[in-house]
Amino acid sequence: AIYRHFPTKESLLLYYFDQAKERFLEQSSGYYSLDINKDNLGDKILDFYVWYAEYTKNYGVAFCRNFFNPKNRSLNANKGHNAILTTTDDFIIRAMTQDYSLPDSETPERLSRALCAIYKGIVFDWCSSGGTYDIVECVKRYMGEHINVILHVNMGKPFLKKAQH
């Protein structure tokens, strides 16, 4: 019966992936109007990933096990539009307009890809564990630590204030 509307399981999942992506873009739009500067960049990026963890958690482990998998083309950072990378890139670029600079070897895109990969790893682990821990708290801790390291090493100045060590 369901295959009248969706010829394969993959096409059904793709429909839900697209729905989730649209909802994400709608709900995350407020992040594009934040005041981002060199002093709050780390905190704003962490706030965004914590929000995204809450968003992910609300979908539940079963959905996320299907969504965060290699068959989901929307998660491929090398193809098409990736809303997570775009948001993080935007934060870094806006901080750069306020006398914030990256070393010559770095780009906002490279830093964003690193943070996105770390987040995907957390989600994968959370899904693999069956959601046995609080993904939001995990993101606060591990993304906070990684943001601090990435921003300090790559940008020359630690400015993440919320990370709990």
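Asker: How should the overall build of the protein be read in this particular structure?
Answerer: When its secondary structure is counted, the protein shows five helices and zero strands. Here the protein holds 165 residues, and the buried ones make up 44% of them. The contacts of the protein with a sequence gap of at least 6 include a subset with a gap of at least 24, amounting to 72%. Here the protein has roughly 9100 Å² of accessible surface; of this, 52% comes from carbon and sulfur atoms.

Asker: Help me understand helix H4 (residues 108-128) in this model?
Answerer: Note: α-helices contain 3.6 residues per turn, so residues at a spacing of three or four share the same orientation. If you check H4, its first and last C-alpha atoms are 30 Å apart, about what 21 residues at 1.5 Å a residue would give, namely 30 Å. For H4, every residue scored as buried is listed here: Pro108, Leu111, Ser112, Leu115, Cys116, Tyr119, Ile122, Val123, Trp126 and Cys127. Projected onto a plane normal to the axis of H4, the buried residues spread over an arc of 145° and lie on a single side.

Asker: Would you take a moment to explain the packing of helix H2 (residues 41-67) against helix H3 (residues 83-96) for this structure?
Answerer: Each packed pair of helices is defined by two parameters, the angle between the axes and the distance between the axes. Between H2 and H3, the least distance of the axes is 10 Å, while the angle of their chain directions is 165°. What the angle tells us is that H2 and H3 run roughly antiparallel. Judged by the sense of rotation from one axis to the other, the crossing of H2 with H3 is right-handed. Of the residues in H3, those in contact with Leu41, Lys44, Ile45, Phe48, Tyr49 and Tyr52 of H2 are Ile84, Thr87, Thr88, Phe91, Ile92 and Ala95. Each residue belonging to the contact of H2 with H3 can be placed in one class, and the counts come to nine nonpolar, two polar and one charged.

Rules of the game
Residues numbered from 1 in each chain as written. Predicted model: local features only at pLDDT ≥ 70, side-chain atom pairs only at ≥ 80, totals over all residues. Heavy atoms only, no water. Helix = DSSP H or I, 4+ residues; strand = E, 2+ residues; numbered from the N terminus. Buried < 20%, exposed > 50% of the residue type's maximum accessible area, 1.4 Å probe, protein only. Contact = heavy atoms within 4.5 Å. Areas by Shrake-Rupley, 256 points an atom, 1.4 Å probe, with all protein chains shown as cover. Expected span 1.5 Å × (residues − 1). Arc of directions from axis to C-beta. Axes fitted to C-alpha atoms, helices over the stretch in contact; angles between N-to-C directions. Parallel < 35°, antiparallel > 145°, perpendicular 65-115°, else oblique. Left-handed = near helix turned anticlockwise from the far one by under 90°. Nonpolar A, V, L, I, M, F, W, Y, C, P; charged D, E, K, R; others polar.

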